[in-house]
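Chain by chain, the residues:
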Amino acid sequence: MGWEQIEISVPNCSSLQVISFPVVQLHLNRTAMRASQKDFENAMNQVKLLKKDPGNEAKLKLYALYKQATEGPCNTPKPGVFDLINKAKWDAWNALGSLPKETARQNYVDLVSSLSPSLESSSQVEPGTDRKSTGYETLMVTSEDGITKIMLNRPTKKNALNVEMYHEIMHALKAASEDDSAITVLTGNGDYYSSGNDLTNFTDIPPGGVEEKAKNGAILLREFVGCFIDFPKPLIAMVNGPAVGISVTLLGLFDAVYASDRATFHTPFSHLGQSPEGCSSYTFPKIMSPAKAIEMLVFGKKLTAGEACAQGLVTEVFPDSTFQKEVWTRLKAFAKLPPNAMRISKEIIRNREKEKLHAVNAEECSVLQGRWLSDECMNAVVNFLSRKSKL
Ligand SMILES: CCCCCC/C=C/C(=O)SCCNC(=O)CCNC(=O)[C@H](O)C(C)(C)COP(=O)(O)OP(=O)(O)OC[C@H]1O[C@@H](n2cnc3c(N)ncnc32)[C@H](O)[C@@H]1OP(=O)(O)O
């Protein structure tokens, strides 16, 4: 690891002290952080180029965010009262509590950018533009021909949804609901549509323990699913490959689902000691009959694209070789229709169900919060993470 000495004066200590500040972090889990490493490294390099000393407060904040972003919440013993430098560093890090690593990384980049306004980070958007195409760590978002495309972009992780991705999808949906596009499309980059919830989300336990983790997860999930329930424009899923877990259940909230014949649809909730979400406990029985919904949601039966289409979950299936071309041609034609008429028609079709869907969402999240604390769930996650089991 490379270290750069940064001088810092500590309150109650008259002399200038020196702390070591990591500028290269070779110990990072490179795979997990790959998407953000460039911005993060750029920001670390920018720190070295600062013309003015940012002051102790900012330096401690940078240190704390760096540690949180790379190691997670502070869990080292508190230094003694006379160890002033290390105590100040520890206090700053510890004050970040359970702030997610991804947020800490972004805050670090933002802080560096605010300290050096002339040095723009590559993750920053240009003035006057929104976050389309740039600024997302886990998504590629573009807007063209009246269509906003939100592409899940963690192909090496089969587009598993980590905490950052949940937040970014909510942000992208909000932006799409306000932009001038007529329709919005969600799809995946690479061979998968999505492998569902990132099971490593369960590993980052905050100081409040697993109960706090489960509570925060339920709050996030409720807000996330709520964005799909309330999305005002036609929302279309282009299922380019296998879909698992929450990426399947949410499909019941889309207005059309087009699938490649390579796609499969799998909700192995019982195998994972979990229970259905995404309003699927309500939408799936309505879409495909209670018995078929139970085969999927309770027994974890995996459907082919053809089967999912026969049961009404998928609108139409296309050969993989022509999937992109055929679906985009169709979507471009849809996007030329009068946008207000489409929005109003969607509203009249969906609105009377909205209240019910929000109630279902709340109930599912509350049940899941309990499930996440069960031995059945914890064992399933541990088995996956220790590579003892896959779907
Ligand atoms: C705020 C919380 C909200 C929670 C909402 C509740 C949501 C519930 C669900 O979505 S349940 C579904 C959870 N998903 C899974 O159980 C899938 C687990 N993954 C697998 O079983 C397999 O990875 C696979 C079948 C999807 C693909 O298998 P294979 O083709 O053999 O590829 P790899 O297993 O080698 O995967 C490549 C790479 O991706 C990582 N990865 C894949 N899926 C996930 C995942 N869901 N979570 C975390 N990581 C995942 C995998 O570990 C490999 O990483 P590596 O190369 O080893 O670093």
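Residues numbered from 1 in each chain as written. Predicted model: local features only at pLDDT ≥ 70, side-chain atom pairs only at ≥ 80, totals over all residues. Heavy atoms only, no water.

J.: Which residues make up the overall build of the chain, and what are the values?
T.: Per the secondary structure count, the chain includes 13 helices and 11 strands. Every one of the 391 residues in the chain was classed for burial, and the buried ones make up 47%. For the chain, the proportion of contacts with a sequence separation of at least 24, taken over those separated by at least 6, is 71%. For the chain, the exposed surface amounts to about 18,700 Å²; the carbon and sulfur share of it is 55%. (Helix = DSSP H or I, 4+ residues; strand = E, 2+ residues; numbered from the N terminus. Buried < 20%, exposed > 50% of the residue type's maximum accessible area, 1.4 Å probe, protein only. Contact = heavy atoms within 4.5 Å. Areas by Shrake-Rupley, 256 points an atom, 1.4 Å probe, with all protein chains shown as cover.)

J.: Please give an account of the sheet that holds strand E9 (residues 264-266) that cites residues and values.
T.: Spatially, the three strands line up as an open sheet ordered E7-E9-E10, and their pairing is mixed. Looking at strand neighbours, the two that pair on one side only are strand E7 (243-244) and strand E10 (303-304), the edges of this open sheet. Sheet topology places E9 next to E10; two bridges connect them, and they run antiparallel. Paired with Phe265 across the strands is Leu303, a residue of E10. (Pairing = 2+ DSSP bridges.)

J.: Account for the site of the ligand, naming residues and giving values.
T.: Every one of the 26 residues lining the ligand counts as a neighbour, but Lys157, Asn197, Leu199, Arg387 and Lys390 are closest to it. Separating an oxygen atom of the ligand from a backbone N or O atom of Asn197 is a distance of 2.8 Å. The backbone of Ile246 places a nitrogen or oxygen atom 3.0 Å from an oxygen atom of the ligand. A total of 1,100 Å² of accessible area belongs to the ligand in isolation, and the protein chains cover 81% of it. By residue number, the principal contributor to the shell around the ligand is helix H6 (residues 209-229), which donates three residues. Grouping the amino acids of the shell around the ligand by side-chain chemistry returns 13 nonpolar, seven polar and six charged. (Near = heavy atom within 4 Å. Polar contact = N/O pair within 3.5 Å; in protein donor to acceptor, adjacent residues only side chain to side chain. Nonpolar A, V, L, I, M, F, W, Y, C, P; charged D, E, K, R; others polar.)

J.: I'd like a rundown of the packing of helix H8 (residues 280-288) against helix H12 (residues 339-371), residues and numbers included.
T.: Where H8 meets H12, the closest approach of the two axes is 9 Å, and the angle between their N-to-C directions is 125°. Our classification of the angle between H8 and H12 gives oblique. Here Ser280, Ser281, Tyr282, Thr283 and Lys286 of H8 come into contact with H12, specifically with Glu353, Lys356, Leu357, Val360 and Glu364. Of the residues assigned to the contact of H8 with H12, the class counts are three nonpolar, three polar and four charged. (Axes fitted to C-alpha atoms, helices over the stretch in contact; angles between N-to-C directions. Parallel < 35°, antiparallel > 145°, perpendicular 65-115°, else oblique.)

J.: Which residues make up the sheet that holds strand E6 (residues 235-239), and what values go with them?
T.: Ordered in space as E3-E4-E5-E6-E8-E11, the six strands form an open sheet in which the pairing is mixed. A single partner strand is all that each edge strand has here, and the edge strands are strand E3 (139-144) and strand E11 (316-318). On average, each strand axis in the sheet is inclined to that of its neighbour by 20°, with strand direction left out of account. Direction of pairing for strand E4 (residues 147-152) relative to strand E5 (residues 183-188): parallel, over a ladder of six bridges. Along E5, the bridge assignment pairs Thr148 with Thr184.

J.: Before we move on, can you summarise empty space enclosed by the protein with the specific residues and values?
T.: Over the atoms a probe the size of a water molecule is rolled, and this reveals where empty space is left. Considering all chains together, one arrives at four cavities of 30 Å³ or more under this definition. The computed volume of the largest cavity comes to approximately 70 Å³. Leu152, Leu161, Ile169, Leu186, Tyr193, Phe224, Phe228, Ile246, Ser247, Leu250, Leu251 and Phe254 are the residues that line the largest cavity. For the lining of the largest cavity, the secondary structure elements donating two or more residues are H6 and helix H7 (246-249). Across the lining of the largest cavity, the residue classes break down as 11 nonpolar, one polar and no charged. (1 Å grid on protein atoms, 1.4 Å probe; cavity = no way out; pocket = protein on both sides within 12 Å on 5 of 7 lines; lining within 4 Å. Points joined across faces, edges and corners; volume = space filled by probe spheres on them.)

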